[in-house]
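Structural characterization, general
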Amino acid sequence: MKYSTLVFLAALGAAQAFTAAGPRKPTFTRSHTAAYSTTESSPIETKTKAPVFDEVCETTGVTLTRFMNEVAKLNPELRELTTLFGAIDTACKAISNIVKRSQLPSSETLGYQGEVNVQGEDQKKLDVITNDLLKRALRFTGRLGVLASEEEDNPVDLIGNDVSGGQDILIEDSGKYVAVFDPLDGSSNVDAGTPTGTIIGVYEHDETCDVDIECIDDECTEQEAQCLANTLQPGTNLVAAAYCLYSSSTFLAVTLGNGVHIFTLDESIGEFVLSRPRVQIPDSSCIYSFNEANLEMWDKAMRETVEKWRVGTGRSGKKFSSRYIG
């Protein structure tokens, strides 16, 4: 599996895809009292209201739990996301620990599982273990209607009746959300000690999805297909998105429609703490990150642009350097 350090930019791009009515663009700044506050910036359409932290504990900072509780207070319609992100919080901590220990000789995560995922990639034992961990954490929140993983051909059994080990598709139509995820993107990098990550997208579950429990054969298949189409929504429909990066520290980036906020795992207290509120892509840069092995597959305009960056003849006049891992 490929994993690029530009996943930060992907999360930022996802945040910019959210649109809805709202007159303000809150930005977080650290004051001399170590508290977070908001200041006015240029207007932007937003879907959620961002919390303001007037008081911050000097020992723990703003934890993910507190952040989500504040979001729920300001946005009652997102209250159920608190439970969902509680599961993501726990799963990311567990996966981080598994990844750290994965290269020990005694680890049961070494080697390949002997199967191939939907992308045609050889599954490592680590892929299977982290996939099972994350899908169980999300499933038991009771907030999901459909759950789809990159590691599985079909969406996950949310009801728990598939004891045969088959690939039956089961849907819980009482759930409010749809979650899609890659449990451990870049798992092939673990052997080299380079970053890996968990990627999660959350959509609203289509309220018209209704599977008749008395349907028979093809009737059920058609109804299920309509519900499973929920996993194929465009990024502009995202309610929330997150990724967890396992590197020098464990980072969790979260967006709920009003900016990207990055939390860092403080292992001394076992909590994700807000470390980089409202991250934004810089207006200018002199670094690009591409897999240049695919250069011949790019269109002419893209190749010419990158070449100008490399030699310093682009619009900015800067000579770019390259940083890429995959």
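Residues numbered from 1 in each chain as written. Predicted model: local features only at pLDDT ≥ 70, side-chain atom pairs only at ≥ 80, totals over all residues. Heavy atoms only, no water.

1. Describing the packing of aromatic side chains
The geometry of an aromatic ring pair is captured by the separation of the ring centres together with the interplanar angle, meaning the angle of the planes. Taken as a whole and judged by the stated rule, the model has six aromatic pairs. Centroid distance Y288 to F290: 5.7 Å. Interplanar angle 35°. Geometry classified as tilted. Cluster of aromatic residues (ring-pair linked, three or more members): Y288, F290, W298, W309 and F320. (Phe/Tyr/Trp six-rings, centres within 6.5 Å; stacked < 30°, edge-to-face > 60°.)

2. Observations concerning the packing of helix α2 (residues 64–74) against helix α3 (residues 79–101)
For the pair α2 and α3, the least separation of the axes is 8 Å and the interaxial angle reads 165°. On the basis of their axis angle, the class for α2 and α3 is roughly antiparallel. Note on packing geometry: the crossing formed by α2 with α3 is right-handed. For the pair formed by α2 and α3, the contact residues are L64, M68, N69, A72 and K73 on the first element and R79, L81, T82, F85 and D89 on the second. Taken together, the residues of the contact of α2 with α3 break down into five nonpolar, two polar and three charged. (Axes fitted to C-alpha atoms, helices over the stretch in contact; angles between N-to-C directions. Helix = DSSP H or I, 4+ residues; strand = E, 2+ residues; numbered from the N terminus. Parallel < 35°, antiparallel > 145°, perpendicular 65-115°, else oblique. Left-handed = near helix turned anticlockwise from the far one by under 90°. Contact = heavy atoms within 4.5 Å. Nonpolar A, V, L, I, M, F, W, Y, C, P; charged D, E, K, R; others polar.)

3. With respect to the pairing of strand β5 (residues 144–149)
Of all six residues making up β5, six are buried, and the element is well covered by its neighbours. The pairing of β5 with strand β6 (residues 177–185) spans five bridges and is classified as parallel. The residue of β6 that forms the bridge with A148 is V180. (Buried < 20%, exposed > 50% of the residue type's maximum accessible area, 1.4 Å probe, protein only. Pairing = 2+ DSSP bridges.)

4. Focus on the environment of V279
Note on placement: V279 falls in strand β11 (residues 271–279). Of the residues examined, V279 reaches a relative accessible area of 15% and is grouped as buried. Residues V279 and A253, spaced 26 residues apart in sequence, show a C-alpha to C-alpha distance of 9.4 Å.

5. Brief notes about α3
In a regular helix each residue adds 1.5 Å, so 23 residues correspond to 33 Å; α3 covers 35 Å between its end C-alpha atoms and thus fits that length. Within α3 the residues assigned to the buried category are L81, L84, F85, A87, I88, D89, A91, C92, I95, S96, I98 and V99. (Expected span 1.5 Å × (residues − 1).)

6. Things to note about the pairing of strand β7 (residues 196–204)
Judged by how many residues are buried, β7 sits mostly within the fold: seven of nine residues are covered. Here β6 runs beside β7; their pairing, made up of seven bridges, is antiparallel. When the sheet's bridge partners are listed, V180 is paired in β7 with G201. Of the pairings in the sheet, the one linking β7 to strand β8 (residues 238–246) comprises eight bridges and is antiparallel in character. By the bridge assignment for β8, T196 is matched with Y246.

7. As for α2
Here α2 has its buried residues at L64, F67, M68, E70, V71 and A72. As for α2, its buried residues are in contact with α3, β9 (250–255), β10 (260–266) and β11.

8. Side note on the side chain of T198
Along the chain, the position of T198 falls in strand β7. When its relative accessible area of 1% is taken as the criterion, T198 is described as buried. At a separation of 2.6 Å, a polar atom in the side chain of T198 contacts the main-chain carbonyl oxygen of P183. A polar contact is formed between the side chain of T198 and the side chain of Y246, at a distance of 2.8 Å. Once you skip the residues sitting within four places of it in the chain, T198 turns out to touch I95, L134, D182, P183, A242, Y243, C244 and Y246. (Polar contact = N/O pair within 3.5 Å; in protein donor to acceptor, adjacent residues only side chain to side chain.)

9. Structural notes on the confidence of the model for the protein
Per-residue confidence for the protein averages 77 on the pLDDT scale, and 68% of its residues sit at or above 70. When pLDDT is averaged over each helix and strand of the protein, the minimum, 35, is found for strand β1 (residues 27–30) and the maximum, 97, for β9. Ignoring residues within four places in sequence, the model shows residues 160–170, a span with pLDDT below 50, making 14 contacts including any to other chains. (pLDDT = per-residue confidence, 0-100.)

10. Quick notes on the side chain of T130
Note on placement: T130 falls in helix α4 (residues 125–139). Within the local environment of T130, its side chain forms a polar contact with the backbone oxygen of D127, the two atoms lying 3.1 Å apart. Other than its neighbours up to four places away in sequence, T130 contacts I95, P183 and L184.

11. Here's the deal with the pattern of salt bridges
On inspection of all chains with the given rule, the structure shows nine salt bridges. The closest approach of N and O atoms between K73 and E70, which form a salt bridge, is 4.0 Å. Linking K73 with E70, this pair stays in helix α2, spanning three residues, or about one helical turn. Note on K73: relative accessible area 58%, which makes it exposed. One salt bridge in this structure joins K100 and E267, with 2.1 Å as the shortest N-O distance. Residue K100 is found in helix α3, and its partner E267 is found in the loop between β10 and β11; the two are separated by 167 residues along the sequence. As far as burial versus exposure is concerned, K100 and E267 are alike and both exposed. Because the salt bridges share partners, they merge into one network encompassing E292, E307 and R310. (Salt bridge = Lys/Arg side-chain N within 4 Å of Asp/Glu carboxyl O.)

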